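An overview of the molecular structure
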Amino acid sequence: MDFSIRAANLEDCKDIARMIMELAEYEKVSEHVKVTQKDLEQDGFSKNPFFHGIVAEVPEAQRTKDGHVKIGYALYFLSYSSWKGRCVYMEDLYVMPEFRGKGIGKALMSKVAQLGMAAGCTQLNFTVLDWNKASLDFYAAQGCSDVTAALGYHVMRCEGAELERLAQP
């Protein structure tokens, strides 16, 4: 399979938005997606971006039946651990179903790891749904460990009205 991995640019936001929705549909949570193409453009390609991205592309001859050549992506950002120091957090890793099992997901994840290490990061963090056995197996094969099982941590969230209430002095 011929493909390339490169840094995402502003023109990729339409395809990234499409693939975010495809990922959300696969994860059965599409009703939660509020991010738009415009949000991605503003949040990822401004002076102080909130995230970085990479895309996987195939040549025109291998495009999808719908005409897409951008067939995978990863979004990531730098974070910090009070125990370990610099970290990279991979928000999304997605490859369109017909292109899975061809090394594209591994190449995307490897690139995120390379970029994190180049920035001095000592760990790569991400979440995966507990029912997604294919992804859990994939990540385990890359040498990743489940910190929920190993250390008992749970991901917590505060949003909407609760976040507004929490932000009150």
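Structure report, in brief. All values reported here derive from a predicted model rather than from experimental measurement.

1. Quick look at the overall build of the protein chain
When you go through the protein chain residue by residue, the secondary structure sums to 6 helices and 5 strands. Counting helices and strands in the order they occur from the N terminus, the protein chain gives β-α-α-β-β-β-α-β-α-α-α. Considering only C-alpha atoms, the protein chain reaches an extent of 55 × 35 × 35 Å along its principal axes. Expressed as a percentage of its 169 residues, the buried residues of the protein chain come to 31%. A total accessible area of about 11,200 Å² is found for the protein chain, and carbon and sulfur atoms account for 54% of it.

2. Points about the nonpolar core
Ranked by size, the top nonpolar core spans 32 residues in total, and within it Ile 16 and Tyr 73 carry the most contacts. The set of elements that each furnish at least two residues to this core consists of α1 (13-26), β2 (52-57), β3 (70-81), β4 (85-95) and α3 (104-118). Looking at this core, the element that brings in the most residues is α1, giving 6 residues.

3. Quick word on the packing of α1 against helix α2 (residues 37-44)
Close contact between α1 and α2 brings their axes to 8 Å; oriented N to C, the two are set at 120 degrees. As summarised for this structure, α1 and α2 are arranged oblique, according to the angle between their axes. For α1 against α2, the interelement crossing comes out right-handed. Between α1 and α2, the contacting residues are Cys 13, Lys 14, Ile 16, Ala 17 and Ile 20 on the first element and Gln 37, Leu 40 and Glu 41 on the second. Among the residues forming the contact of α1 with α2, the class breakdown is 5 nonpolar, 1 polar and 2 charged.

4. A look at the packing of aromatic side chains
Summed over all chains, the structure comprises 7 aromatic pairs. Ring geometry for Phe 77 against Tyr 89: centres 5.2 Å apart, planes inclined by 25 degrees, an arrangement best described as stacked. Here Tyr 89 lies in strand β4 and Phe 77 lies in strand β3, a separation of 12 residues in the sequence. On the accessibility criterion, Phe 77 (28% relative accessible area) is partly exposed. An angle of 65 degrees between the planes, with centres 5.3 Å apart, marks the rings of Phe 138 and Tyr 139 as edge-to-face. In this structure Tyr 139 comes out as buried when scored by relative accessible area, which is 9%.

5. Some points on the sheet that holds β3
What holds strands together in a sheet is hydrogen bonding between their backbones, with the strands either parallel or antiparallel. The 5 strands are arranged β1-β2-β3-β4-β5 in an open sheet whose pairing can be described as mixed. The sheet is open, and its two borders are formed by β1 (4-7) and β5 (123-125), each paired with just one other strand. In this sheet, adjacent strand axes meet at a mean angle of 30 degrees when their direction is disregarded. When β1 meets β2, the two strands line up antiparallel, connected through 4 bridges. If you follow Ser 4 over to β2, its bridge partner there is Glu 57. The strands that α3 touches are β1, β2, β3, β4 and β5; relative to β4, the one it contacts most, it runs at about 160 degrees.

6. Some words on the pairing of β4
Buried residues dominate β4, accounting for 9 of its 11 residues. Relative to β4, β3 runs antiparallel, the two sharing 10 bridges. Bridge pairing in β4 places Tyr 76 opposite Met 90. Following β3, the chain reverses through 3 residues before pairing antiparallel with β4. Regarding topology, α3 serves as the crossover connection from β4 to the parallel β5, and that connection is right-handed.

What counts and what doesn't
Residues numbered from 1 in each chain as written. Predicted model: local features only at pLDDT ≥ 70, side-chain atom pairs only at ≥ 80, totals over all residues. Heavy atoms only, no water. Helix = DSSP H or I, 4+ residues; strand = E, 2+ residues; numbered from the N terminus. Buried < 20%, exposed > 50% of the residue type's maximum accessible area, 1.4 Å probe, protein only. Areas by Shrake-Rupley, 256 points an atom, 1.4 Å probe, with all protein chains shown as cover. Core = buried A, V, L, I, M, F, W, Y, C linked by side-chain atoms within 4.5 Å. Axes fitted to C-alpha atoms, helices over the stretch in contact; angles between N-to-C directions. Parallel < 35°, antiparallel > 145°, perpendicular 65-115°, else oblique. Left-handed = near helix turned anticlockwise from the far one by under 90°. Contact = heavy atoms within 4.5 Å. Nonpolar A, V, L, I, M, F, W, Y, C, P; charged D, E, K, R; others polar. Phe/Tyr/Trp six-rings, centres within 6.5 Å; stacked < 30°, edge-to-face > 60°. Pairing = 2+ DSSP bridges. Right-handed = clockwise from strand over helix to strand, strands pointing away.

Keep in mind that these numbers describe shape and distance, not what the molecule does.
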